Amino acid sequence: MSTETFDVAITLSPDFRVGRVDPRLFGSFLEHMGRAVHGGVFEPGHPEADDDGFRTDVLDLVRRLGTTAVRYPGGSFVSGYRWEDGVGPREHRPTRLDLAWHATETNAFGTDELMRWCRRADVEPMLAVNLGTRGVQEAVDLVEYCNHPGGTRLSDLRRAHGAEDPYDVRLWFLGNEMDGAWQIGHRPAADYGRLAAATGRAMRMVDPRIELVACGSWAPASATFATWESAVLQECYDTVDHISLHSYHDPTGRTPAAYLATAHELDLAIDAVVATADHVGAALRSPKRLQVAVDEWNVWYRSRWIDPDPDRWPQAPPLLEDTYDDLDATMVASLLVTLLRHADRVSLACLAQLVNVIAPIRTDPGGAAWRQTTFEPFARIAAAARGEVLRVEPRVATYEAEAGEVPLLDATATYDEENGAVVLVLVNRSVTSTARTRVALRGFPLATLDGARELEVAPLSWTVVDLGQRA
Ligand code: AHR
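What counts, and at which threshold
Residues numbered from 1 in each chain as written. Predicted model: local features only at pLDDT ≥ 70, side-chain atom pairs only at ≥ 80, totals over all residues. Heavy atoms only, no water. Helix = DSSP H or I, 4+ residues; strand = E, 2+ residues; numbered from the N terminus. Rg over C-alpha atoms; globule rule 2.2 N^0.38 Å. Buried < 20%, exposed > 50% of the residue type's maximum accessible area, 1.4 Å probe, protein only. Contact = heavy atoms within 4.5 Å. Areas by Shrake-Rupley, 256 points an atom, 1.4 Å probe, with all protein chains shown as cover. Lys, Arg positive; Asp, Glu negative; His and termini not counted. Charge placed at Lys NZ, Arg CZ, Asp CG, Glu CD. Expected span 1.5 Å × (residues − 1). Near = heavy atom within 4 Å. Polar contact = N/O pair within 3.5 Å; in protein donor to acceptor, adjacent residues only side chain to side chain. Nonpolar A, V, L, I, M, F, W, Y, C, P; charged D, E, K, R; others polar.

Student: Teacher, can you tell me more about the overall build of the protein here?
Tutor: The helix and strand inventory of the protein stands at ten helices and 22 strands. Whereas a compact globule of 471 residues would reach a radius of gyration of roughly 23 Å, the protein reaches 22 Å, a difference of no more than 12%. Counting every position in the protein, which comprises 471 residues, the buried fraction comes to 60%. Of all intrachain contacts in the protein linking residues separated by at least 6 positions in sequence, the fraction that spans at least 24 positions is 74%. With the model as given, the accessible surface of the protein reaches about 18,100 Å², and the carbon-plus-sulfur share is 51%. Computed over 46 positive and 68 negative side-chain charges, the separation of the two mean positions in the protein equals 3 Å.

Student: Before we go on, may I ask you to explain helix α5 (residues 189-206) in this structure?
Tutor: One turn of an α-helix holds 3.6 residues; hence residues three or four places apart share an orientation. A rise of 1.5 Å per residue sets the reference length of α5, with its 18 residues, at 26 Å; its end C-alpha atoms lie 26 Å apart and thus fit the reference within 8%. Residues A189, Y192, G193, L195, A196, A197, T199, G200, A202 and M203 constitute the buried set of α5.

Student: How do you make sense of the site of the ligand when you look at a structure like this?
Tutor: Taken together, F29, E31, M33, G75, S76, W101, N176, E177, Y248, E296, W300 and Q353 are the residues near the ligand. In the model, an oxygen atom of the ligand is placed 2.9 Å from a nitrogen or oxygen of the Y248 side chain. A distance of 2.7 Å separates an oxygen atom of the ligand from a polar side-chain atom of E296. Classifying every residue of the shell around the ligand gives five nonpolar, four polar and three charged.

In structure tokens form, the structure reads like this:
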């Protein structure tokens, strides 16, 4: 532990609450990309594979990670996907070109497998529809296939495929990153907004209980960030429940302090999307307020991307298999702190991705599955953060970063009224100094909680502290 220190003062009170911790804040993302599906969650013939070809060693790690929901099947992949290819008997499924990642897709794993896999992993399935090459009818068909009880062609097809009960998918994404020039079927904001509105309205006619996410920008750094959201929402505000935000963080070329400070950019981006959505809502005189779905976030060494060989269409090539270190784990902890801090407006977030592709879980073909450094902060925080997020305003020194003044210590806390648990998550961004943190607890109903605690957090590290006395 370093000998240099800096002081932090934090006061926690159950009276100052931000919002409930929605379990979906600990969602993740499984795309047909690289070895995420094929060779990741699905590897028939692997010694640990079950009858469906699902790797049970991976399933075990997914459960231990504590992810609550999985977004599928993309990502950019969905913008060229035909969902019908991935249901029913395997021998009838076509092999197709995957234009998004310049690969060959066998479709041996599709929506039917995803649903079975989610049940085994104990996670909620969340589906994206293709608004790149397809539109209203195909999305409506997929909702009918998944959610209609029976007695129609597509619901009976699902039953014929072995799923008597509806899959009951609640959360649906209306396309992916449609603002990106590289996205298949990319289109101007107003066009996409109208398509999202028409598609969402029709999907709700099949199942009125579904929630809908409209595409925000591919990144806060995009030249049209906020303008895109505004134009899209002017067309589909009344139809959708969430607007998406993607946030990837690349350490390349940054000092550790500058890299960790980029978590603050996510804070600012969430605020910007909330402000933009609320402006549209106010202009429409709508009483409704949208939520922000941070449906892709993580550390991504984008600088390591190698363009695919235009002459080859490999099956499940290794892509984006970034290896993470301890600093990346601290970054993931800080991004989770940021998401929790916005629990009033961020109800859904997806760690992108889950297995092999920029993921906390990695696998060897035919071999072991293992955890990356980023697994631990996600698992610890997902297991501990329950109840309501408390407002935390640490009194601490700041430092200058690209995004402005950033506190040396990043913090959030949760309080679970049911059992009195108070959990504090701390991230020390200082490269040299230990954070000497004094936490004052005031006004908690369990008398044993009130008082003060002294905690130390080592430089460039994160910690989860359970302060409460469980009933
Ligand atoms: O997660 C990898 C890719 O990043 C996704 O397919 C896309 O949505 C984003 O640009």
